[in-house]
Every structure is written in structure tokens, then in C-alpha cells.
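Observations on the three-dimensional arrangement
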Amino acid sequence: GAAGLFCGGVHTLKKQIPVITGQIHGLYDASNLDVKFGICPVDEYTMPVEVGCSRARMACDCIKEIPDRHICYYTHAMGEKRNLRNYIIDHFREALEKRWIHVYFQPVIRTVSGTLASVEALSRWIDPQKGMISPGIFVPLLEDSRQIRKLDMYVLEEICRLCQLQREQGKVMIPVSFNLSRMDFFQGSVFEEVEEIRKRYQVPRNMLYVEITESVLIHEGDVLYQEIERFRQAGYEVWMDDFGSGYSSLNTLKNYSFDEIKIDMAFLSEFTEKSQNIIKAIIRMAKKIGLHTLMEGVETREQAEFVQSIGCELIQGYYYGRPMPFDELKRKYWEKHWKVETPELRQYYGALSVVDFLTDKPLAVVEVSRGNVRYLFTNEEYKETIYSAGMESPEQTAELVNAQAGPISKNIQSFLTDVVQSHERKIMTYTVNGQYMKLEAEYLASHEQNHLILLSHTNFTIQKEENPSDNLDEVIRNLLYLYQTVSLVDVEKDTAIPLMMNSPYQDYFHKKRTGIRDMVEQYMETMIHPGDRERFLAFNAQDSMKKRIQQSPEGMISGSFRTLGHDKKYHWDIHSIIPVILKGKNYILYTARISPFENELNIACTSSGEETET
């Protein structure tokens, strides 16, 4: 580079610069030398030469990293910037001692639940002389002068102090992420210093998340790797900050282990189809290799809805809140009625990290809590399936299931209860409004009385031209809702196959079983009211069953018995034994459904002094 004073005209200067450049390139082995000119125009001839040269050098330094720019003129703004740089270096220690540097907090929200997952701690320098000094100015300066570790530990200590204060006051503690700089890892063990501060304030490790900027991880070797592993093995979560910000992101993921990546806000700065596709690819990749995901820079509702729809777990940005002082964060917490995630709740929702939301299957996530169903997420394909069944929205279906409005809703609620209890993937088929529906459910996680279930809902009706047989078929399909139990019994082989089971007994009888007599006795002891058990055994007595069926004008026999429901109460059910022939072989179809005269039967039993409920 070259620096110098300039007193002549601009036209003369433009002629001189190519000549000087040519002379430099003509030197031995200097053909590839990049020539930069910093120029200080002289307005006042009383200005000392050394001041002018210093300013010209300052202008030259401004374009060192700009390949296609070769000339830069000094401006007063450059001088002010230099003065500010000097002020920061000279007053940093004082700023820490007098607490001019404040710790602000920015919320991180979980997309599916709206819970407050954590906050990020960020430093803000509010100077009595200079006012607000941007971290974009003072953080790089502190890194260059090797003072950044003092700042990072200052921030951590303020985090821990506030956590201790919250705990002592009996208030909720919010998980906090904090940043570590590149230089933190090369001035002795940063892990040990973090541990010393944490222990002093008795803050649990799982309340602190370590953020490391992606650029820190390039070509740093074993020291950084070992320190990161010490944090993770001790129980800290370690996040990669600014993922995709222009460095070797994918190679970094290969070489280091992280719990979460924060996707750089630059991807949302221009919300185009291309940027959206890149974000989708990052999310899908992260799920494949077991990383949690957070999207930075979310500023609009459209961006927030997009991020949720693709399965990104967490959101940070102005849409939910700017960085703010702790007292303002507390006010916002009360105004927004945020629920703060505990480590256990974080792990519970974290089960969704493996779910690929970018599917063309009808997909939904529901939370079952004390029998009530709440949708956390539905994709467009799932909504279309709901609409095809005659429902207005997923929320309407949840209301019907929660209210147990009719046999369909009761059966779906029983089905979901079974999935929760068994922790297994199950499939339920049913009909509604003439449509054949298949509901697949997969258990994901539980927390206290809450359970996450992944749903896939398919309408697999084959539509044909309407004719009388179609109408009859629709009626038959909907009649199936009336039954709590339908089983096909092979008396000859002493086996029974459940065709439909929507009662508590499904825990015992969910697949083909052998031993009808033992099954009847187990069903009686589990499901039948003690006052009806003697009649129930007589009703199912095989030695007289054939004769009773033959004597019945209907060709079948039925009886009313108080039967246990999912609400842990006994209800009057009509049990029927129906002979059927399939492929030339005799079977028995055993069914049970709620009696339409249950209220009258309850009144009759009550008037006779017999209790009808447990």
C-alpha cells in the first residue's frame, strides 16, 4: 500500500496513479502485488505532515480487504471511528467496573408450543460520553486486543447472578445461552473458568447453553475440539452460532459435535423461494444427523409460519422480541403469558427433532393431556384430509373428540389413549360421512400428564358413480360406530379374533387369542359389574348356547350387562352372540354396544337399591 498527502488536482492524480502502479509492477517479482493508495487531501496547510500521513495510512487500511478498490480518500468519519476505537480500548476496564456494559436478553420461542425455550445473552455498551456503542464495533476490537474473554466472563457472571436471584426469590429460572469467542479458547481453559463462575452462583449446567460462532471453528485444531467435548461431557449444550454464514459449515459439522445449530439470519434477509429451499435443506440435513435447529432473524409472521411449517424447532428474532434488559424481559414474560421450558420439558418437545415435516403425507402432531387432545401442528395435506371428512378444521375435530360427541369421537379418544399407554405405533380404520378413513398414530414422548403423538390421517375411499348400493354401503359403514366390541369366534379351534375393540379390555385382547373360556372369565372380572357377572357367565355358557340361538326368533341371543367404559364407570351395554358362516364354516360374531336405554336401566337399578357405578 501507499499513503500520501495530496495538494494537486484530481485530474493530475488520476494520471499519476497508473504510472506509479506500473513502476511498482515493473519491479522484480512484483507483478502480482496489489497496489492500494490512501490519500489525505490537504485543506489546511498548517496541518503537521505526520498527521496527514497517519490519515492517509488510515484511508489505505480501509480498503486492504477490498480486491477491486485501489484508491481511498480520508474522511472525517474515519477519524471519528479511529477515535472511538482508541476510546474503547482505553476505557474497556472502566466500562466493566462501572457497569456501562449491560447484558440484554433476546427470547427464543418454540414453534409448536409457543413456550419460552430460552434467551440469548447479548452485551450492550451504554457509555456516558459516547452513548450506545454497537457490539459490531467493540467486540472485534476486544478480540483483536485479546480482551474479549474478560467481556464473555463478565456476561456469564451477570447471567449467573440473575439466575441465583430468581431462584432465591422463588421465581422461574429461564435457560440462557451465552457466546464464547475464538480467543477464549487460547488463553487457558475456558471450561474451567466457566465452571468456577457457575459453581459460585450454584447454577445448574442444563440451564446454560454455550454458543460458538461458526467462524471460530475453522482450522483451530485439537485445542478447540477438546474444550468443546469437555463442555458437552460435563452436561452443557453446545450450539453452533451463525450456521451458513460463509465458512466451511458442512466440514465443521463433520469434525465437531453440537447439540443445536442456529441458522444465520442472512437466509431470511431476502425471503425468496431460493432462500426458502436452502433453509429446508438445512433443516432436513440437521434432522438426519440428530441436531436441533433454531432460525435467527425472524421478523414477520410470514417468516414465522414458514419456519414452523418446515419443522424448525426454535425461533429467534424481532417478531418475538428484540434484545432487552432483564426487567423488560420479565414484563414481556407476564404480558405474553409465556410458559418457560424446564430441562424436562425441553427434552419432551425435543422428541420432535427427528420428525420430517417436509413430507407429502398428511401429518399432524397432537398433545394428549388428561384425555384431551390439542393439535400442535398440522400440514396442508392433513387439513385437506380433515376437510374431505366433512370437518371444518383440525380444531373442530379436537373439540368433538374431547367432548366425546358420538361413537366416532369416543373411539378415536380410546385409540389415542391406547397409543399413550402402550407406547406403540397403531392404526385405526373407521368410516365417516361415507368415507373410509385410516388414522395412524405413533407415540413420541411424555412429560407429566402430557403426551406427544404423531398422526397421519388418510382418506382411502375409492369414489365411484353413485348408485343405490353405494348408499347402502355408506349406511353399513357408519353403523359400525355403534359397537364397542366386535370379535369373530371360532368355537371349533377355541380362538377369537378382535375385529373392533374400543374398550379398556383392549389391553388384554388386541390380537388373536386361544382359550375362549378363560377369555370370558377374564373379560367378566375386568369389565362386568359384580352384580351382573353370574348372568354374564350363563349368557356365554357354550353348552347351552346353540340351543338358545335355535330357540330365539331372531336367530341370535342378546343380553344387557353393565360394562366398564374408559371413564372408569359402568354403562349398560347390549352384548349379542350372532352365528355366521364364512366360506362354508360356522363362526360366532360377538358384539357389544352401548344400550340406547341406558338411562332407563340405570333408573330401574337405582330404584331397586342397586348401585350402577364403581
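The structure reproduced in this document is the subject of the present report. Computed from a predicted structure; not experimentally measured. (Residues numbered from 1 in each chain as written. Predicted model: local features only at pLDDT ≥ 70, side-chain atom pairs only at ≥ 80, totals over all residues. Heavy atoms only, no water.)

Okay, the overall build of the protein next. Counting secondary structure elements, the protein contains 21 helices and 23 strands. With 614 residues in all, the protein has 47% of them scored as buried. A total of about 32400 Å² of accessible surface is found on the protein, and carbon and sulfur atoms cover 51% of it. (Helix = DSSP H or I, 4+ residues; strand = E, 2+ residues; numbered from the N terminus. Buried < 20%, exposed > 50% of the residue type's maximum accessible area, 1.4 Å probe, protein only. Areas by Shrake-Rupley, 256 points an atom, 1.4 Å probe, with all protein chains shown as cover.)

The next subject is the pattern of salt bridges. Applying the stated criterion across every chain yields a total of 32 salt bridges. Where Glu195 meets Arg205, a salt bridge forms, and the shortest distance between an N and an O atom there is 2.6 Å. On the criterion of sequence distance, the pair formed by Glu195 in helix 6 (residues 190-201) and Arg205 in the loop between helix 6 and strand 8 (208-213) is long-range, its members being ten residues apart. Here the residues in one salt-bridge network are Glu120, Glu211, Lys262 and Glu296, joined through shared partners. (Salt bridge = Lys/Arg side-chain N within 4 Å of Asp/Glu carboxyl O.)

Right, let's talk about the sheet that holds strand 16 (residues 435-447) for a bit. Across the sheet, five strands lie side by side as 14-13-17-16-15; this open sheet has antiparallel pairing. Whereas interior strands pair on both sides, the edge strands pair on one side only; in this sheet they are strand 14 (372-378) and strand 15 (426-432). With strand direction ignored, the average angle separating the axes of adjacent strands in the sheet is 30 degrees. Across seven bridges, the pairing between strand 15 and strand 16 is antiparallel. (Pairing = 2+ DSSP bridges. Axes fitted to C-alpha atoms, helices over the stretch in contact; angles between N-to-C directions.)

Moving on to the pairing of strand 13 (residues 363-369). For strand 13, a buried count of seven out of seven residues is recorded, marking the element as mostly surrounded by other parts of the structure. Residues Leu363, Val365, Glu367 and Ser369 of strand 13 are buried on one face, and the alternating residues Ala364, Val366 and Val368, pointing to the opposite face, are buried as well. Where strand 13 meets strand 17 (residues 450-459), seven bridges bridge the pair, whose relative direction is antiparallel. Within strand 17, the position partnered with Val365 by the bridge is Leu454. Pairing of strand 13 with strand 14 involves six bridges; the strand directions are antiparallel. Bridge pairing links Glu367 to Arg374 in strand 14. Hairpin geometry of strand 13 and strand 14 is characterised by an intervening segment of two residues between the two adjacent antiparallel strands and by a positive phi of about 55 degrees at Arg370.

In this structure, Phe105, Trp125, Ile159, Phe231 and Met295 are the most contacted members of the largest nonpolar core, which totals 79 residues. A total of ten residues in this core trace back to one element, the largest contributor, which is helix 5 (residues 148-168). Setting aside residues no more than four positions away along its own chain, Trp125 makes contact with Ile88, His91, Phe92, Ala95, Trp100, Ile101, Gly131, Met132, Ile133 and Phe138. (Core = buried A, V, L, I, M, F, W, Y, C linked by side-chain atoms within 4.5 Å. Contact = heavy atoms within 4.5 Å.)

Of note, the phi angle at Arg99 is positive, near 60 degrees, even though the residue is not glycine. Within the secondary structure layout, Arg99 lies in the loop between helix 3 (76-97) and strand 4 (101-110). Unusually for a residue other than glycine, Asp494 sits at a positive phi of about 55 degrees. By secondary structure assignment, the location of Asp494 is in the loop between strand 18 (483-490) and strand 19 (495-501).

We now examine the sheet that holds strand 21 (residues 557-564). Spatial ordering of the open sheet is given by 20-19-18-23-22-21, a layout of six strands whose pairing is antiparallel. Both edges of this open sheet fall to strand 20 (513-514) and strand 21, since each of them pairs with a single strand only. Alignment of strand 19 against strand 20, held across two bridges, turns out to be antiparallel. Counterpart to Ala496 in the pairing with strand 20 is Arg513. Against the sheet, helix 18 (residues 516-527) makes contact with strand 18, strand 19, strand 20, strand 21 and strand 22 (570-582), and its axis sits at roughly 50 degrees relative to strand 21, the strand it touches most.

Another aspect to go through is the state of the cysteines. A complete count under the given rule lists zero disulfides for this structure. In this structure Cys53 is a free cysteine whose sulfur lies 8.5 Å from that of Cys40, the closest cysteine sulfur available. In this structure Cys53 comes out as partly exposed when scored by relative accessible area, which is 35%. Considering cysteine sulfurs only, Cys62 is the nearest to Cys72, which forms no disulfide, with 5.2 Å between them. Assessed through its relative accessible area of 3%, Cys72 is described here as buried. (Disulfide = S-S within 2.5 Å.)

For the coordinates displayed, the defined rule picks out 19 aromatic pairs. Between Tyr225 and Tyr256 the ring centres are 6.1 Å apart and the planes differ by 50 degrees, which places this aromatic pair in the tilted class. Taken as a pair, Tyr225 in helix 7 (residues 221-234) and Tyr256 in the loop between helix 8 (249-255) and strand 10 (260-263) lie far apart in primary sequence, 31 residues in all. The partly exposed category is assigned to Tyr225, whose relative accessible area is 37%. Assessed through its relative accessible area of 10%, Tyr256 is described here as buried. Three or more aromatic residues joined by ring pairs form one cluster here, namely Tyr505, Tyr523, Phe536, Phe539 and Phe561. The lysine or arginine in question, Lys130, covers the ring of Tyr87, its NZ or CZ lying 5.2 Å from the ring centre. Above the ring of Tyr318, the side-chain terminus of Arg322 is found at 4.0 Å from the ring centroid. (Phe/Tyr/Trp six-rings, centres within 6.5 Å; stacked < 30°, edge-to-face > 60°. Lys NZ or Arg CZ within 6 Å of the ring centre and 35° of its normal.)

Once that is clear, we can look at the pairing of strand 8. For strand 8, the tally of buried residues reaches five of six residues, placing the bulk of the element in the interior. The pairing of strand 7 (residues 176-180) with strand 8 spans five bridges and is parallel. By the bridge assignment for strand 8, Phe178 is matched with Val210. In this fold, strand 7 hands off to helix 6, which returns the chain to strand 8; that crossover is right-handed. Where strand 8 and strand 9 (residues 237-243) come together, five bridges link them in parallel fashion. (Right-handed = clockwise from strand over helix to strand, strands pointing away.)

Tracing the backbone shows Cys62 in the loop between helix 2 (49-61) and strand 3 (71-73). The class of Cys62 is partly exposed, set by a relative accessible area of 42%. It is 9.9 Å that separates the C-alpha atoms of Cys62 and Lys36, two residues lying 26 residues apart in sequence. Non-local contacts of Cys62, meaning those with residues more than four positions away in its chain, are made with Cys72 and Met78.

As a further point, take the side chain of Ser353. For Ser353, the location among the structural elements is in the loop between helix 13 (343-350) and strand 13. From its side chain, Ser353 meets the backbone oxygen of Gly350 in a polar contact 2.8 Å long. With near-sequence residues (within four places) excluded, Ser353 lies in contact with Lys287, His292 and Glu313. (Polar contact = N/O pair within 3.5 Å; in protein donor to acceptor, adjacent residues only side chain to side chain.)

Coordinates in, geometry out; function isn't part of it.
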